[in-house]
Amino acid sequence: MGSSARSRRQPAALKAGIRSTNPTRREALALAALGLVAGAPLRAGAAGPQGQLTWGIHVSLAPAWFDPAETSGLITPFMVLYALQDAMVKPMPGQGLAPSLAESWSASEDGLTYEFVLRKGTRFHNGDPVTPEDVKFSFERYRGASRDLMASRVAGIEIPDPQRVRFRLKEPWPDFLTFYGSATGAGWIVPRKYVEKVGDDGYKRTPIGAGPYKFVSFTPGVELVMEAFEGYWRKTPSVKRLSFKVIPDESTRLAALKRGEIDIVYSIRGELAEELRRTPGLTLKPVNPPAPFWLTFVDQWDEKSPWHDERVRRAASLAIDRKTINQALTLGYSKLTGSMIPQSFEFYWQPPAPVYDPAAARKLLAEAGHPGGFDAGEYYCDSSYANVGEAVLNNLREVGIRARLRPIERAAFLKGWADKSYKNLIQAGSGAFGNAATRLAAFVVKGGTYAYGSYPDIDQLFQQQAVELDHERRAATLQKIQQLIYERTIAAPIWQLAFINGVGPRVGESGFGLITDFAYTAPFEDITLNGA
């Protein structure tokens with residue numbers, strides 16, 4: 001695809017057929033002049049960063065989210081990573097994968113080699129340069145979601161010279177960049193020498209990254225404070241200091257926003273969202289991340305469990321009044337897609353619209369041997385979405401499925417989920433970047449971080465698509481998997497969440513919606529104070 005001039009600049013090992021991800025130099029210069037390229041270095045005004053903005057965070061922050069090596073397959077850690085850390089490539093405004101610490105990358109035509117050229121002059125917050133050794137170290141150290149899958153497909157990492165890193169694959173893998181660059185934290189780079197000096201626990205206590213903001217302090221359960229890194233390669237941040245204050249209660253978050261104590265709040269729902277919308281000087285900021293919620297029937301592989309019967313799982317799905325829940329909690333902004341795969345993802349298959357039919361649900365339960373319903377045990381959920389769980393439980397109870405709500409603070413909830421500690425029902429959800437394959441890898445197929453069981457035919461189809469280079473055949477296989485999930489009611493989709501937020505009058509550019517499909521504010525270096 002590249003011109004012969006560009007091909008001559010590639011390493012000899014890659015000369016035979018390059019697929020370049022970058023515009024020509026002339027195109028890049030033209031776009032940079034207009035400020036349209038995420039990778040184009042920019043500079044803030046001569047005055048430097050000024051002032052402070054304060055966030056009201058809806059969950060308790062976990063130190064694990066400061067370390068890219070521990071990303072969980074959900075979007076939550078990236079709320080912090082986009083400030084403290086930087087990646088080789090990552091989603092940015094207008095680009096699904098933008099060159100960041102890597103100024104360019106290329107792939108061989110046989111799909112077995114990916115090579116990244118590091119951007120010159122990039123440094124970590126302690127002044128150390130970002131090197132190929134850091135890139136190799138960060139990948140090999142990664143232990144988060146899809147770690148085993150990636151490790152099984154990468155044959156080796158080579159460092160041809162001080163500016164280049166080369167990944168060699170065991171076989172062609174069309175999703176390498178999707179997993180490495182967006183769906184996981186494997187491509188987010190930490191300083192090898194510093195991590196080896198302080199250890200993993202020491203790193204989480206005092207993280208050093210290469211992002212637009214430096215770590216200042218963290219008080220568990222209270223506040224994370226960061227300060228602008230004026231040496232950031234893309235641009236010097238406009239705001240000097242950022243404070244993430246932990247305020248789990250929605251009404252308390254909104255009250256603090258109305259008093260001017262905080263400037264940006266995450267996750268305001270229902271009547272409180274209506275109140276925010278009516279308040280002069282405040283702005284409602286709904287975003288639609290790729291964040292479906294669904295019920296996971298973790299005991300469906302246990303022959304003794306009621307959930308082993310597909311009719312019981314289908315009854316639970318028919319019992320959920322999604323339209324009413326959507327209107328009550330997210331003002332109708334959420335999407336009722338009927339899928340656990342985000343509607344915007346590549347390879348998405350659209351199932352039939354979800355149906356609310358409690359009478360049909362009761363009939364199915366009776367046919368399955370539960371005419372009076374049954375005790376379904378505990379319903380585990382992230383405590384920040386306990387109100388969703390309460391609404392779903394009320395619906396289930398109306399058809400005879402009786403369960404008890406078990407809300408758990410997010411970091412602990414995610415750990416218990418990944419550790420396979422739960423039984424009965426889990427209210428699942430994820431807003432992570434990726435495509436249909438990355439979502440299935442985490443939640444459906446054998447070995448997935450959050451998969452409590454799997455179906456052999458689905459596992460086989462997943463392995464087939466992973467090495468399929470024909471896009472149409474691959475799409476057909478992934479859509480077949482999604483069809484099987486629907487037909488077997490492996491999960492009961494609730495909605496694709498509309499994440500409703502609020503912004504106060506001191507904020508100029510909030511960062512909401514700048515990065516397609518991202519739930520939170522980012523890029524942080526683009527956020528401004530009003531009038532700045």
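Details of the structure are given in the entry above.
Quantities reported herein were computed from a predicted structural model and do not represent experimental measurements. (Residues numbered from 1 in each chain as written. Predicted model: local features only at pLDDT ≥ 70, side-chain atom pairs only at ≥ 80, totals over all residues. Heavy atoms only, no water.)

S.K.: Sorry if this is basic, but what is going on with the overall build of the protein chain here?
M.R.: Along the backbone of the protein chain there are 17 helices and 19 strands. Over its C-alpha atoms the protein chain spans a radius of gyration of 24 Å, differing by no more than 12% from the 24 Å that the globule rule assigns to 532 residues. The dimensions of the protein chain, computed from C-alpha atoms along their principal axes, are 70 × 55 × 45 Å. For the protein chain, buried positions account for 58% of its 532 residues. Restricting the contact set of the protein chain to residue pairs at least 6 apart, pairs at least 24 apart contribute 70%. In the structure as shown, the protein chain presents an accessible area of about 20,800 Å², 51% of it carried by carbon and sulfur atoms. In the protein chain, 63 positive and 56 negative side-chain charges are present, and the distance between their average locations comes to 3 Å. (Helix = DSSP H or I, 4+ residues; strand = E, 2+ residues; numbered from the N terminus. Rg over C-alpha atoms; globule rule 2.2 N^0.38 Å. Buried < 20%, exposed > 50% of the residue type's maximum accessible area, 1.4 Å probe, protein only. Contact = heavy atoms within 4.5 Å. Areas by Shrake-Rupley, 256 points an atom, 1.4 Å probe, with all protein chains shown as cover. Lys, Arg positive; Asp, Glu negative; His and termini not counted. Charge placed at Lys NZ, Arg CZ, Asp CG, Glu CD.)

S.K.: Would you mind going over helix α16 (residues 456-466) with me for this structure?
M.R.: Note that an α-helix has 3.6 residues per turn; residues three or four places apart therefore point the same way. Those residues of α16 that sit buried are Ile-458, Asp-459, Leu-461, Phe-462, Gln-465 and Ala-466. Angular distribution of buried residues about the axis of α16 spans 165 degrees; they occupy a single face of the element. Set apart from the buried face of α16 by more than 90 degrees, the exposed residues are Pro-456 and Gln-460. (Arc of directions from axis to C-beta.)

S.K.: Would you mind going over unusual backbone geometry with me for this structure?
M.R.: Most peptide bonds adopt trans geometry, and most residues besides glycine take a negative phi value. That bond from Ala-522 to Pro-523 is cis: its omega, -5 degrees, falls within 30 degrees of zero. Inspection of the secondary structure assignment puts Pro-523 in the segment after β19 (499-503). In the Ramachandran plot, Ser-267 falls in the positive-phi region, its phi being about 60 degrees despite a non-glycine side chain. We classify Ser-267 as buried; its relative accessible area is 2%. At Asp-517, a position not held by glycine, the phi torsion is positive, near 70 degrees. Mapped onto the fold, Asp-517 is located in the segment after β19.

S.K.: I keep staring at the pattern of salt bridges and nothing clicks. Help me out?
M.R.: A side chain with one charge can pair with a side chain of the opposite charge if their charged atoms come near. Applying the stated criterion to the full structure yields 39 salt bridges. Taking the shortest distance from any N to any O, the salt bridge between Asp-86 and Lys-90 comes out at 2.6 Å. The exposure class assigned to Asp-86 is buried, which follows from its relative accessible area of 0%. The residue Asp-526 makes a salt bridge to Arg-234 at a minimum N-O spacing of 3.2 Å. (Salt bridge = Lys/Arg side-chain N within 4 Å of Asp/Glu carboxyl O.)

S.K.: Is there a simple way to think about helix α13 (residues 386-398) in this case?
M.R.: Its 13 residues place the ends of α13 18 Å apart at the C-alpha level, agreeing with the 18 Å of an ideal helix rising 1.5 Å per residue. Of all the residues in α13, the buried ones are Ala-386, Val-388, Gly-389, Val-392, Leu-393, Asn-395 and Leu-396. At the C-terminal side of α13, Gly-400 shows a positive phi close to 105 degrees. (Expected span 1.5 Å × (residues − 1).)

S.K.: Hey, could you run me through the packing of aromatic side chains in this one?
M.R.: Within a pair of aromatic rings, the relevant descriptors are the distance that separates the centres and the angle that separates the planes. Under the counting rule described, the total for this entry stands at 39 aromatic pairs. With a centroid separation of 5.0 Å and an interplanar angle of 50 degrees, the aromatic rings of Tyr-82 and Phe-518 are classed as tilted. Within this pair, whereas Tyr-82 is found in helix α3 (residues 78-84), its partner Phe-518 is found in the segment after β19, the two being separated by 436 residues in sequence. Taking relative accessible area as the criterion, Tyr-82 reaches 2% and is therefore assigned buried. Residue class for Phe-518 comes out buried when judged on its relative accessible area of 2%. On the numbers, 5.9 Å between centres and 80 degrees between planes, the contact of Tyr-266 with Phe-512 is edge-to-face. (Phe/Tyr/Trp six-rings, centres within 6.5 Å; stacked < 30°, edge-to-face > 60°.)

S.K.: How do you make sense of the nonpolar core when you look at a structure like this?
M.R.: The nonpolar side chains of a soluble globular protein tend to be buried with one another. In terms of nonpolar packing, the biggest core is built from 81 residues, with Trp-55, Leu-61, Tyr-82, Phe-244 and Phe-524 touching the most fellow members. By residue number, the principal contributor to this core is α3, which donates seven residues. Residues Val-195, Tyr-232, Tyr-455 and Phe-462 belong to the second largest nonpolar core, which totals 74 residues. (Core = buried A, V, L, I, M, F, W, Y, C linked by side-chain atoms within 4.5 Å.)

S.K.: Hey, could you run me through the packing of α16 against helix α17 (residues 471-487) in this one?
M.R.: To characterise two packed helices, one gives the angle between the axes of the helices and the distance between these axes. The contact between α16 and α17 brings their axes to 9 Å, and the two run at 160 degrees. Taken together, the axes of α16 and α17 lie roughly antiparallel to each other. Relative to α17, α16 is oriented so that their crossing is left-handed. In contact with Asp-457, Ile-458, Leu-461, Phe-462 and Gln-465 of α16, α17 contributes Arg-474, Thr-477, Leu-478, Lys-480, Ile-481 and Leu-484. Class assignment for the residues of the contact of α16 with α17 results in six nonpolar, two polar and three charged. (Axes fitted to C-alpha atoms, helices over the stretch in contact; angles between N-to-C directions. Parallel < 35°, antiparallel > 145°, perpendicular 65-115°, else oblique. Left-handed = near helix turned anticlockwise from the far one by under 90°. Nonpolar A, V, L, I, M, F, W, Y, C, P; charged D, E, K, R; others polar.)

S.K.: Before we go on, may I ask you to explain the sheet that holds strand β14 (residues 292-297) in this structure?
M.R.: Picture the strands of a sheet paired through backbone hydrogen bonds; they go either parallel or antiparallel. If you trace the five strands from one edge of the open sheet to the other, you get β16-β15-β17-β14-β18, paired in mixed fashion. Edge positions in the sheet fall to β16 (401-408) and β18 (491-496), since each of these pairs with one other strand and no more. Taken over all neighbouring pairs, the strand axes of this sheet differ in orientation by 25 degrees on average, direction set aside. Pairing of β14 with β18, which is carried by five bridges, proceeds in the antiparallel orientation. Paired with Phe-293 across the two strands is Trp-495, which belongs to β18. Sheet strands in contact with α13 are β14, β15 (374-382), β16, β17 (425-429) and β18, and its direction is about 170 degrees off that of β16. (Pairing = 2+ DSSP bridges.)

S.K.: What is the right way to read the side chain of Asp-175 from this model?
M.R.: If you trace the backbone, Asp-175 turns up in the loop between β8 (164-169) and α6 (176-183). The class of Asp-175 is buried, set by a relative accessible area of 3%. Side chain to side chain, Asp-175 and Asn-435 meet in a polar contact 2.9 Å long. Ignoring anything within four residues of it in the chain, the contact list for Asp-175 reads Asn-435, Ala-437, Gln-465 and Arg-474. (Polar contact = N/O pair within 3.5 Å; in protein donor to acceptor, adjacent residues only side chain to side chain.)

S.K.: Whenever I open this one, the environment of Ser-243 confuses me. Can you help?
M.R.: On the secondary structure map, Ser-243 appears in strand β11 (residues 239-246). Sequence separation between Ser-243 and Val-216 is 27 residues; the distance between their C-alpha atoms is 9.8 Å. Of the polar contacts made by the side chain of Ser-243, one reaches the side chain of Glu-223; its length is 2.4 Å.

S.K.: Could you clarify how one ought to interpret the pairing of β19 in this entry?
M.R.: Look at any regular strand and the pattern is simple: side chains alternate between the two faces of the sheet. Across the five residues that make up β19, a large majority, five, are buried. Taking every second residue as pointing to the same face, both faces of β19 are buried, with Phe-499, Asn-501 and Val-503 on one and Ile-500 and Gly-502 on the other. As judged from the two bridges shared by strand β12 (residues 264-265) and β19, these two strands associate in the antiparallel manner. Considered in β19, the bridge of Ile-264 is made with Val-503.

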